[in-house]
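A closer look at the structure
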Amino acid sequence: MNDASQTVSVVRAGLHKRRAAERRFRLAGAAAVAVAALFIAFLFTVIVKNGLPGLWQTRILLTVELPAAEFQGRGEAALKGANYRKMVRQSLLGLFPDATTRGERRAAAKLLSEGAPYQVRRAVLADPDLAGGALTLWLPAASSVDIFHKSGAGGGKLSDWQKQKVAQLQAAGRLRTVFHRGFFLNNDSRSPELAGIRGALAGTFYTLLVTLMLSFPVGVAAACYLEEFAPRNRWTDLAEISINNLAAVPSVVFGLLGLAVFINFFGLPRSVPLVGGLVLSLMTLPTIIIAARAALRSVPLSIRQAALGMGASKMQTLFHHVLPLSLPGILTGTIIGMAQALGESAPLLMTGMVAFLVNTPGGVLDPATVLPVQVFLWADSPERGFVEKTSAAILVLIGFLVAMNLLAVIIRAKFQKRW
Amino acid sequence: MPTVLLFAAVLAPVALGYFFGRRWALGAGGRRVPGHFGIFVGLCALLPGLAVLALWLALEERVVTAMAAAALPAGLAGLPAERLALVMNQVANIAAGTVAAQSEAMAAAAAHYRALGGYAQLLMPLAVAAAAAAGFMAGRRMLRADFAARSAVERIVLALFMVCSCAAILTTVGIVLSVLFETLRFFEKVSPAEFLFGLEWSPQTAIRQDQVGASGSFGAVPVFAGTLLITVIAMAVAAPLGLLSAVYLAEYAPRRVRAVAKPLLELLAGIPTVVYGFFAALTVAPLVRDGGAWLGLTAASESALAAGLVMGVMIIPFVSSLSDDVISAVPAALRDGSLGLGATRSETIRRVVLPAALPGIAGSLLLAVSRAIGETMIVVMAAGLAARLTANPLDAVTTVTVQIVTLLTGDQEFDSAKTLAAFALGLLLFLVTLIMNLIALFIVRRYRENYE
């Protein structure tokens, strides 16, 4: 009796502390999850805040005088060879009569993008009648003006004089911000306001095409063999261990493989989607094999037995019944594997897909780069204007990833059977 | 569009073969399934075409180079092998238009090279189509009234399956061989002891032959130290956060919270690493630098801390999701026993569940460490290039993966110790991560068997 009451009092005495410890422990767990969630929120806020302005572009309304004297001679050559740079510059200076010194004139000329003359040239080539007259159009502003105008705050590189001129343009209604289609339609450029992701998108498309065409059939075939036909012996054990291990090998090591085998040994060209796709397909292969095996395994034995009992061969059982039933699972795994490949950049750096390219690749043997590598390249650029372009490219990349993962989720929810 | 042409060259004979086989079986009458005959002839056309295509892509460059080298004028053709390779490299560059020709002979060689390349491009679809046609004819010949088309097709498909299942083994072997060979060549130039134990790493300065210490700057210890430092920082973030969230999600979280929080954590693993790298360099590194300055410490603008912190967040899901599985797999009887004796939930978790799950948790931590060691983009973008032997997290350090990438990006000749060093680092990286992965997989599997 005495003993028992003593025990109770000891337990009671400690109870308060123990309950506090319990609460602390629980709180610590919830805090850990909250920290991770906060980090994600922070990351996305930074990227979106930096990236959304990158999809918009500041333009300046300018009436470009195209004096006939500049188009001496006749025909195409005169139109193509005319000095549009000078014409644009003259017209722009016309807006600022107070720019008298050399320095001021140069500062004024720098308000407009380097790409503006090309836009005028395109317009004139499209409509030769313009030569000799004048042309009023919205021309892209220089990157520093773009940043200054969109952020509204101290845009680093502009001088006070330039800021004053920008304010003047704005007051005159000659400044506006429009959706920047060029970001999707242009190739890479050294000038942030002209740079676009078209080349990178095309490169990504070809690279992933190669990856898909290699890793999907090979992965599914390997999974079918290992799951449905393979005898259990050393060889299949080895295959299993290699698959599990390859899934965890660092991606740079795959880059080394690609460099040593595909480029040095087989002599395939550097920087092409074919090599990038080959390397990525080796990386996604384990993902697809593992997912496909799980999907095949989930098809109940009774289906196989029924088919075999009706006289189907093992191959017919597989192709007519097991594969169609496991297809949703296989597709889900493939999409997730492709999403991984889409985000991968390290091995592609090493197979040379980091070149600065101003052309859109037209096939798997053209030099190309991919979206994540484009992000890497832009992130490395010193120009301030590339920060928002990098973030915007990341937004596009994440958009694709979200779409792919959603597709996987939908396929799983809609088509996958639970047995 | 040669790509389209190529597709046509491969696929047209296949389609033809399929329809031919079907027609034949239909025409021959009897109790056959015409589809099998079609597939048989189609496969007969497909396989040789694909084989020729793969071979052609693999060998074209070499054959063209050899043919162009054979056609070089006498003065150039007599060169020793390495010089010849250099000359041919230059010819290829001239042909690609990236370099201007220095001499008449080189220009001619480049023109010849380009012409050969053009022929090869033209010939490739033809060769593929010819191989496919040959396969088609061979398949057609085998068609007899008593031909067992289905079992033939099944044997071929099974053989294909078998070949595909070897792809993973081949990849592993390919990695080991390719890295090993280059590493052996590297060790001909730099002794392994010096590489593994040397304290000075400056491969960029060892380009010129006549340089003092040209071979004395491949001591990789500072690189290992940098990798270790960043990994330790990353694990200092990932291990507590990952484990606590795993415990919370497995033991405490209401179902609704779990349904949101688990995918959220896994989202961290789905974000491309280049995004983390950008974030680390753009946002976290300045924060660390300013924070350091505020505390009166000088932090490098590319500090190990920034890269490590971000990497730590990235590997949280690698710790949490596996640990979560492992904790959930601890039998309920253990928990019930402890709770029944009056322990609180946290006491149960700390004294019963976690010790029981320890092997699995250790496995998940090992996998996370191996991720951290092999992670590339974050450190390439946010950590430094200079190898420094330091334990100060505010200093800039470099890592194995950064060195591999910087030594191998851009154009370089393939025999310098500098590029070969990257392969030696790669071999080391592969071996270390391989051992960790194997141990982790072994532990996790053993653990699962224990409770199943």
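Residues numbered from 1 in each chain as written. Chains lettered and ligands numbered in written order. Predicted model: local features only at pLDDT ≥ 70, side-chain atom pairs only at ≥ 80, totals over all residues. Heavy atoms only, no water.

Our next topic: empty space enclosed by the protein. Gaps between atoms show up when a probe of the same size as a water molecule is rolled over them. All names here are of chain A. Considering all chains together, one arrives at 4 cavities of 30 Å³ or more under this definition. The space that makes up the largest cavity amounts to roughly 70 Å³. For the largest cavity, the lining is made up of 15 residues, of which Gly199, Ala200, Leu357, Thr369 and Gln374 are closest to its centre. Its boundaries defined by the atoms lining it, the second largest cavity holds a volume of some 60 Å³. Around the second largest cavity, the lining residues are Ala295, Ser298, Val299, Leu325, Ser326, Pro328, Gly329, Gln416, Lys417 and Trp419. Broken down by element, the lining of the second largest cavity gets its largest block of residues, 4 residues, from helix α14 (residues 314–343). (1 Å grid on protein atoms, 1.4 Å probe; cavity = no way out; pocket = protein on both sides within 12 Å on 5 of 7 lines; lining within 4 Å. Points joined across faces, edges and corners; volume = space filled by probe spheres on them. Helix = DSSP H or I, 4+ residues; strand = E, 2+ residues; numbered from the N terminus.)

All names here are of chain A. On domain assignment, one finds that chain A holds domain 1 (2–52), domain 2 (56–184) and domain 3 (198–415). A C-alpha centroid distance of 40 Å is found between domain 1 and domain 3. Overall, the association of domain 1 and domain 3 removes approximately 500 Å² of surface from exposure, summing both partners, and the carbon and sulfur fraction of that is 80%. The largest share of the area that domain 1 buries against domain 3 comes from Ile47, Asn50 and Gly51, three residues that together contribute 73% of it. Summed over the shared surface of domain 1 and domain 3, the result is 0 salt bridges. Counting across the interface, domain 1 meets domain 3 through 0 residue pairs in polar contact (both at pLDDT 80 or more). A per-class count over the side of domain 1 that touches domain 3 returns 4 nonpolar, 2 polar and no charged. (Domains from an automatic or database assignment. Buried area = accessible area lost by both parts, 1.4 Å probe. Salt bridge = Lys/Arg side-chain N within 4 Å of Asp/Glu carboxyl O. Polar contact = N/O pair within 3.5 Å; in protein donor to acceptor, adjacent residues only side chain to side chain. Nonpolar A, V, L, I, M, F, W, Y, C, P; charged D, E, K, R; others polar.)

What follows deals with the domain arrangement of chain B. One frequently used descriptor of interface size is the decrease in accessible area upon assembly of the parts. Under the domain assignment, chain B is made up of domain 1 (2–160) and domain 2 (217–451). A separation of 46 Å is found between the C-alpha centroids of domain 1 of chain B and domain 2 of chain B.

The next thing to look at is the pairing of strand β2 (residues 134–140) of chain A. Residue and element names in this part refer to chain A. Extensive coverage of β2 is indicated by the burial of 5 of its 7 residues. Direction of pairing for strand β1 (residues 56–65) relative to β2: antiparallel, over a ladder of 7 bridges. Across the sheet, residue Thr63 finds its bridge partner in β2, namely Thr136. (Buried < 20%, exposed > 50% of the residue type's maximum accessible area, 1.4 Å probe, protein only. Pairing = 2+ DSSP bridges.)

With that settled, consider the packing of helix α11 (residues 273–294) of chain B against helix α12 (residues 304–328) of chain B. All names here are of chain B. Running from N to C, α11 and α12 cross one another at 135 degrees; their axes reach a closest spacing of 8 Å. As judged from the angle between their axes, α11 and α12 are oblique. Crossing of α11 over α12 shows right-handed handedness. Contacts between α11 and α12 involve Thr273, Tyr276, Phe279, Ala280, Val284, Ala285 and Val288 from the first element and Leu305, Ala306, Leu309, Val310 and Met314 from the second. Classifying every residue of the contact of α11 with α12 gives 11 nonpolar, 1 polar and no charged. (Axes fitted to C-alpha atoms, helices over the stretch in contact; angles between N-to-C directions. Parallel < 35°, antiparallel > 145°, perpendicular 65-115°, else oblique. Left-handed = near helix turned anticlockwise from the far one by under 90°. Contact = heavy atoms within 4.5 Å.)

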